[in-house]
Amino acid sequence: MRKPYVLLLSLTGLFLGLTTTPAHAADNGSWSVYPVASKIAARPYFYLSADPGQTLTDKVAVANKTGKPLTFRLYAADAYNTARDGGFAVRTLKERMRAVGAWAKPARSRITVPGHKTVSVPFTLRVPEGAEPGDHPGAIVALDERVAPGSGTFALGVRQAVGARVYLRVSGPTLPALSVEQVHIGHHQPLVPGIGDSTATISYTLHNTGNVTLDPKVELKARGLFGRTLLDRDLTRIPSELLPGQRVRLSETWHGAPQLDRGDITLTASAQGTRQSASASFFALPWLLAGLVFVAGVVTGVVLVRARRGRARRSAPVRRSPRAAPTPSRPRSSPSARR
């Protein structure tokens, strides 16, 4: 019986920017992809600018670092931020392309690179007349056509790809804009107040609502009762590049969060030319203390209700029973009448 077979596309090493090959090529140890050096200097990535309707040409180099020939599928792809951590990633060959992936075409879609050799391939990038101004990031990708075999119950077939980034800017008005959305704070309190650490998880969405790539910075502040400052820090787990139109869900752990307090947190996101804040309120209360307060409230309520009912019964007026009607007496007859 044949084992179920799953094909996975690995983009590991796609944009690591290692320095072991020319022009800071993207490298996975077996092959690398990078822009062909210009007459002036080597380029780490493709930095291109164009007007709507303009056509650009350039060259990409694919270097085989192994001793055997490798065959690659060469294609252009759009870039995006991963939802997990905001990393720079590209669309797969089967996904729909809307920008660089649709506009750029390598002169050859398949190439074979001999062992320890490099092959350069020209490509053409045609920007349509109606292209929106601003940044359109993407990549020129070399996809290995070999499928690495897997083992086990499910045989996992892996195809690896490496690509060189393309930073394209279409001329026209640029608008840097950044927003902070869906701010939420969740508390993790110890069962017994004062015993154990209290932490809070602050989650939020960072959204690039403009048309240029941003290098965002995020500041977190927390204030308690009476405006006391509980936390003030610059966050570090932020994507270095937030691409136009992309949103990333991020979280930050607050160790030593208050166990009994009420206040609010404020996240302020900024980048060159834009700044915005968003807030959320919190109420920290240990579960055990909350349970005791609830039970005490219920017991107090029951006691008060019973006491009120008892007082109502004692103070109620006693209704008197109605007086019985007197029985009419018969007149006594005189002795003369009995004769």
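In case you missed it, the structure is sitting above this.
Here the structure is a predicted model, which is why all the values come from computation and not from measurement.

What counts, and where the lines are drawn
Along each chain, numbering runs from 1 in the same order as the chain's sequence is written. Only residues with pLDDT of at least 70 get local features here, since the model is predicted, and only at 80 or more are side-chain atom pairs given and counted; chain-wide, interface and lining totals rely on the full set of residues. In computing side-chain properties, one takes all heavy atoms of the structure into account and sets aside hydrogens as well as water. Paired strands, as defined in this entry, are two strands with at least two bridges between them according to DSSP. By the criteria applied, helices consist of DSSP H or I runs no shorter than four residues and strands consist of E runs no shorter than two, each listed in order from the N terminus. Stacked, edge-to-face and tilted are the three classes for Phe, Tyr and Trp ring pairs, Trp counted by its six-membered ring, which pair at centre distances within 6.5 Å; planes under 30 degrees apart are stacked, over 60 edge-to-face, the rest tilted. For a ring to carry a charge above it, either NZ of a lysine or CZ of an arginine must fall within 6 Å of the ring centroid while also lying within 35 degrees of the normal to the ring plane. Think of it in three bands: with a 1.4 Å probe and only protein chains considered, a residue is buried below 20% of the maximum accessible area for its type, exposed above 50%, and partly exposed in between. Note on method: axes are straight lines fitted to C-alpha atoms, helices fitted across the in-contact stretch only, with angles between N-to-C directions ranging 0 to 180 degrees. Within 3.5 Å is the distance limit for a polar contact, defined as a pair of N or O atoms, with the added protein rule that one can donate a hydrogen and the other accept it, and that residues adjacent in sequence qualify only through two side-chain atoms. Any two residues whose heavy atoms approach within 4.5 Å are treated as being in contact. What is meant by a nonpolar core is a set of buried Ala, Val, Leu, Ile, Met, Phe, Trp, Tyr and Cys residues, joined one to another through side-chain atoms within 4.5 Å.

Student: I'd like to hear about the pairing of strand β16 (residues 229-234), residue by residue, with values.
Tutor: As paired strands, strand β15 (residues 217-223) and β16 are joined by five bridges and run antiparallel to one another. Opposite Glu219, over in β16, you have Asp234 as the bridge partner. In this antiparallel pair of consecutive strands, β15 and β16, the connection spans five residues, and Phe226 shows a positive phi of 65°.

Student: I'd like a rundown of the sheet that holds strand β5 (residues 55-64), residues and numbers included.
Tutor: A sheet is described by the order of its strands in space; here five strands give the open sequence β2-β3-β5-β10-β8, paired in antiparallel fashion. What marks the edges here is a single partner per strand, and that holds for β2 (26-27) and β8 (104-106).

Student: Mind laying out the packing of aromatic side chains, listing which residues take part and the relevant values?
Tutor: Enumeration according to the criterion identifies seven aromatic pairs in this entry. Ring centres 5.0 Å apart and planes at 55° place the aromatic pair Trp31 and Phe72 in the tilted group. With Trp31 in strand β3 (residues 31-35) and Phe72 in strand β6 (residues 70-81), this pair connects stretches of sequence that are 41 residues apart. Through a chain of ring-to-ring contacts, three or more aromatic side chains come together here, namely Tyr45, Tyr47, Phe88 and Tyr167. Its guanidinium or amino end placed over the ring of Tyr45, Arg165 lies 5.3 Å from that ring's centre, counting from NZ or CZ.

Student: Break down unusual backbone geometry for me, citing the residues and quoting the values.
Tutor: In the Ramachandran plot, His116 falls in the positive-phi region, its phi being about 60° despite a non-glycine side chain. Tracing the sequence through the fold places His116 in the loop between β9 (110-113) and β10 (118-126). In the Ramachandran plot, Phe226 falls in the positive-phi region, its phi being about 65° despite a non-glycine side chain. The class for Phe226 is exposed, based on a relative accessible area of 82%.

Student: So what about the sheet that holds strand β14 (residues 199-208)? Which residues, and what values?
Tutor: Spatially, three strands are ordered β13-β14-β17 in an open sheet, and the strand pairing comes out antiparallel. Since the sheet does not close on itself, it has two edges, and those belong to β13 (178-188) and β17 (247-255), each with one partner. Taken pair by pair, the neighbouring strands of this sheet meet at an average axis angle of 20°, ignoring direction. Sheet topology places β13 next to β14; nine bridges connect them, and they run antiparallel. By the bridge assignment for β14, Gly186 is matched with Thr201.

Student: Lay out the side chain of Asp27 with the relevant residues and their values.
Tutor: Within the fold, Asp27 resides in strand β2. By relative accessible area, Asp27 is classed as buried at 2%. Here the side chain of Asp27 touches Gly29 through a polar contact of 2.4 Å, landing on its backbone nitrogen.

Student: I'd like to hear about the environment of Pro258, residue by residue, with values.
Tutor: Residue placement: Pro258 occurs in the loop between β17 and β18 (261-271). Sequence separation between Pro258 and Thr199 is 59 residues; the distance between their C-alpha atoms is 8.0 Å.

Student: If you had to explain the side chain of Ser270 to someone new, which residues and values would you point to?
Tutor: Along the polypeptide, Ser270 turns up in strand β18. Residue Ser270 is classed as buried on the basis of its relative accessible area, which comes to 19%. Contacts of Ser270, omitting those with residues within four sequence positions, involve Leu178, Asp215, Pro216, Lys217 and Arg275.

Student: Outline the nonpolar core, supporting the account with residue identities and numerical values.
Tutor: With 32 residues, the main nonpolar core has Ile140 and Leu168 as its most contacted residues. With five residues, strand β12 (residues 155-170) is the single largest residue contributor to this core.

Student: Any chance you could break down the environment of Tyr167 for me, citing the residues and the numbers?
Tutor: Along the chain, the position of Tyr167 falls in strand β12. You can call Tyr167 buried: its relative accessible area is 14%. Those residues in contact with Tyr167 that lie beyond four places of it in its chain are Tyr45, Phe46, Tyr47, Leu48, Phe88 and Glu241. Polar contacts involving the side chain of Tyr167 include one to the side chain of Arg165, which spans 2.7 Å.

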